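Take a look at the letters that make up each chain.
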Amino acid sequence: MSIPATVVTPPLVDELDIVIPTIRNLDFLEQWRPFFQPYHLIIVQDGDPSKTIRVPEGFDYELYNRNDINRILGPKSSCISFKDSACRCFGFLVSKKKYIFTIDDDCFVAKDPTGQEINALAQHIHNLLTPATPFFFNTLYDPYREGADFVRGYPFSLREGAPTAISHGLWLNIPDYDAPTQLVKPRERNTRYVDAVLTIPKETLFPMCGMNLGFHRELIGPAMYFGLMGDGQPIGRYDDMWAGWCAKVICDHLGLGVKTGLPYIWHSKASNPFVNFKKEYKGIYWQEDIIPFFQNVTLPKECTTPQKCYIELSKLVKEKLGPIDPYFEKLGDAMVTWIDAWNELNPSTDGAATAKAEPSKPK
């Protein structure tokens with residue numbers, strides 16, 4: 001069951017930021033206006049910083065371009081990708097809210113099988129505010145939704161669930177395929193609306209897509225780094241998947257849940273498979289080593305925060321994946337830089353000095 005489009009009082013208005021990476025005018029926001037306008041937007045402009053990005057009137061937003069990123073982070077800006085949607089994680093870095101929803105600018109409002117518009121943001125919020133069940137699979141899927149419950153045989157000791165850290169939404173129309181699959185199925189469209197939300201079991205990885213994604217920034221934000229991709233890097237289009245693999249391993253270690261399924265958005269534009277293949281081909285080869293690496297990662301019990309987990313993971317990346325290609329040495333260093341930047345802009349309550357990010361074009 002999708003969350004109705006006619007939500008009277010928007011939830012978490014003061015506790016959630018919407019992060020959008022873009023290189024173009026954000027006309028797509030007009031369709032999202034009924035759902036997004038009450039919320040604060042963080043727009044991360046990729047590419048030429050001298051280009052003016054038009055944002056429709058009436059939205060509360062701040063916009064950061066590459067000059068802003070360099071000014072705010074200084075030398076640490078090297079960890080933020082350029083000419084790749086991975087730049088969106090800068091928005092995660094400068095946000096001060098408890099929750100994040102991030103969406104791509106070629107994604108529009110989808111409709112459920114009854115023809116009702118889907119309020120994707122409201123469904124993500126519902127997913128994040130209800131527990132997950134990573135330790136034991138419930139065959140009726142989400143036991144916390146209306147009309148469902150735990151089935152016979154589900155341990156009562158586990159029915160309290162675990163906090164949900166990540167809500168991973170899906171897409172109608174253009175599926176999120178890799179380049180080889182795009183090439184052999186150029187006209188395939190996803191028309192299947194599956195009315196379900198599932199918790200991804202503990203110790204099970206998944207390919208996270210960043211185009212329709214919500215997460216609890218305080219629980220897992222430091223692990224949502226989209227890596228080094230795009231300009232000057234040997235790989236692209238693996239940014240969200242890298243973040244998903246890292247975050248899932250850390251969620252498993254910290255006892256947090258990850259959900260996938262509803263909500264759906266309408267993905268309107270298929271990217272060029274030949275361009276995509278140039279970006280992906282090393283990742284397609286490397287992932288046969290990357291996946292077993294993450295499947296076998298064990299974090300020490302001393303890692304009690306996402307930051308500590310991520311620093312430990314960066315060491316393992318350099319140690320275990322570094323021999324595959326020097327890129328992973330560089331990536332491991334960037335992971336540490338990311339955490340340094342996170343701690344600088346998001347100090348703990350120990351009295352550390354607060355660094356405040358200011359966009360050059362606030363709204």
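Scoring rules and cut-offs
- Residues numbered from 1 in each chain as written.
- Predicted model: local features only at pLDDT ≥ 70, side-chain atom pairs only at ≥ 80, totals over all residues.
- Heavy atoms only, no water.
- Helix = DSSP H or I, 4+ residues; strand = E, 2+ residues; numbered from the N terminus.
- Rg over C-alpha atoms; globule rule 2.2 N^0.38 Å.
- Contact = heavy atoms within 4.5 Å.
- Areas by Shrake-Rupley, 256 points an atom, 1.4 Å probe, with all protein chains shown as cover.
- Lys, Arg positive; Asp, Glu negative; His and termini not counted.
- Charge placed at Lys NZ, Arg CZ, Asp CG, Glu CD.
- Polar contact = N/O pair within 3.5 Å; in protein donor to acceptor, adjacent residues only side chain to side chain.
- Core = buried A, V, L, I, M, F, W, Y, C linked by side-chain atoms within 4.5 Å.
- Buried < 20%, exposed > 50% of the residue type's maximum accessible area, 1.4 Å probe, protein only.
- Pairing = 2+ DSSP bridges.
- Right-handed = clockwise from strand over helix to strand, strands pointing away.
- Expected span 1.5 Å × (residues − 1).
- pLDDT = per-residue confidence, 0-100.
- Patch = residues over 30% accessible without salt bridge, like charges linked within 9 Å, V, L, I, M, F, W, Y side chains within 5 Å.
- Salt bridge = Lys/Arg side-chain N within 4 Å of Asp/Glu carboxyl O.
- Axes fitted to C-alpha atoms, helices over the stretch in contact; angles between N-to-C directions.
- Parallel < 35°, antiparallel > 145°, perpendicular 65-115°, else oblique.
- Left-handed = near helix turned anticlockwise from the far one by under 90°.
- Nonpolar A, V, L, I, M, F, W, Y, C, P; charged D, E, K, R; others polar.

Visitor: Where do I start with the overall build of the protein chain in this structure?
Guide: What the protein chain contains, in helices and strands, is ten helices and ten strands. For the protein chain, the C-alpha radius of gyration of 20 Å lies close to 21 Å, the compact-globule estimate for 363 residues. Projected onto its principal axes, the C-alpha coordinates of the protein chain cover approximately 55 × 55 × 50 Å. Within the protein chain, contacts between residues at least 6 apart in sequence are counted, and of these 75% link residues at least 24 apart. When the accessible area of the protein chain is evaluated, it comes to approximately 16100 Å², of which 54% is carbon and sulfur surface. Seen as two clouds, the 38 positive and the 44 negative side-chain charges of the protein chain have centres 2 Å apart.

Visitor: Which parts of the structure should I look at to understand the side chain of threonine 102?
Guide: Mapped onto the secondary structure, threonine 102 falls in strand 4 (residues 99–103). Looking at threonine 102, its side chain comes within polar contact range of the main-chain oxygen of valine 19, at 2.9 Å. Reaching out from threonine 102, the side chain makes a polar contact with the side chain of arginine 88 at a distance of 2.9 Å. In contact with threonine 102, not counting residues within four places along its chain, are Val19, Pro21, Arg88, Phe92, Gly210, Met211, Asn212 and Leu213.

Visitor: Would you explain the nonpolar core in this entry?
Guide: The nonpolar side chains of a soluble globular protein tend to be buried with one another. Counting 68 residues, the largest nonpolar core has Ile166, Ile220, Tyr225, Trp242, Tyr310 and Trp338 as its most contacted members. If one sorts the elements of this core by residue count, helix 10 (residues 326–345) sits on top with ten residues. Residues Ile53, Tyr61, Leu121 and Leu128 belong to the second largest nonpolar core, which totals 31 residues.

Visitor: Is there a simple way to explain the pairing of strand 1 (residues 16–22) in this structure?
Guide: Successive side chains on a regular strand alternate, one facing one side of the sheet and the next facing the other. The buried fraction of strand 1 amounts to seven of the seven residues, a majority that puts the element mostly inside the structure. Both faces of strand 1 are covered, namely the face carrying Leu16, Ile18, Ile20 and Thr22 and the face carrying Asp17, Val19 and Pro21. Bridging between strand 1 and strand 4 involves four bridges; their strand directions are parallel. The partner of valine 19 across the bridge, within strand 4, is threonine 102. Sheet analysis places strand 1 next to strand 2 (residues 40–45), joined by six bridges and oriented parallel. Looking at strand 2, one finds that isoleucine 18 is bridged to leucine 41. Note that the unit made of strand 1, helix 1 (residues 29–36) and strand 2 has a crossover that is right-handed.

Visitor: Quick question: what am I supposed to make of helix 4 (residues 120–129) here?
Guide: The α-helix advances 3.6 residues per turn, and as a result positions three or four apart in sequence lie on the same side. Counted residue by residue, helix 4 has eight buried out of ten residues, so it is predominantly covered. Among all positions in helix 4, only Ala120, Leu121, Ala122, Gln123, His124, Ile125, Asn127 and Leu128 are buried.

Visitor: Explain helix 9 (residues 306–321) here, please?
Guide: Spanning 16 residues, helix 9 covers 21 Å between terminal C-alpha atoms, matching the ideal 22 Å at 1.5 Å per step. Along helix 9, the positions that sit buried rather than exposed are Pro306, Cys309, Tyr310, Leu313, Ser314, Leu316, Val317 and Leu321. Where helix 9 is buried, its residues contact helix 6 (217–220), helix 7 (239–254), helix 8 (273–295) and helix 10.

Visitor: Which parts of the structure should I look at to understand the confidence of the model for the protein chain?
Guide: Across the protein chain, pLDDT averages 94, with 94% of residues at or above 70. Note on residues 349–355: pLDDT is under 50 here. Beyond four places in sequence and across chains, it has seven contacts.

Visitor: Is there a simple way to think about a nonpolar patch on the surface in this case?
Guide: A cluster of nonpolar side chains, Leu183, Val184 and Phe274, forms an exposed patch at the surface whose accessible area comes to about 320 Å². Residue placement: phenylalanine 274 occurs in helix 8. For phenylalanine 274, a relative accessible area of 57% corresponds to the exposed category.

Visitor: Explanation requested: the environment of valine 297 in the structure shown.
Guide: Inspection of the secondary structure assignment puts valine 297 in the loop between helix 8 and helix 9. Overall, the relative accessible area of 16% leaves valine 297 in the buried class. For the pair formed by valine 297 and glutamate 358, sequence separation is 61 residues and the distance between their alpha carbons is 37 Å. With sequence-adjacent residues up to four places away left out, valine 297 is seen in contact with Val249, Leu313 and Leu316.

Visitor: What am I meant to see in the packing of helix 7 against helix 8 here?
Guide: A pair of packed helices can be characterised by two numbers: the angle between their axes and the separation between those axes. Between helix 7 and helix 8, the shortest axis-to-axis distance is 10 Å and the interhelical angle comes to 15 degrees. Considering their axes alone, helix 7 and helix 8 lie roughly parallel with respect to each other. Crossing of helix 7 over helix 8 shows right-handed handedness. Only Gln287, Ile290, Ile291 and Phe294 of helix 8 make contact with helix 7, whose side of the interface consists of Trp242, Trp245, Cys246 and Val249. Taken together, the residues that form the contact of helix 7 with helix 8 break down as seven nonpolar, one polar and no charged.

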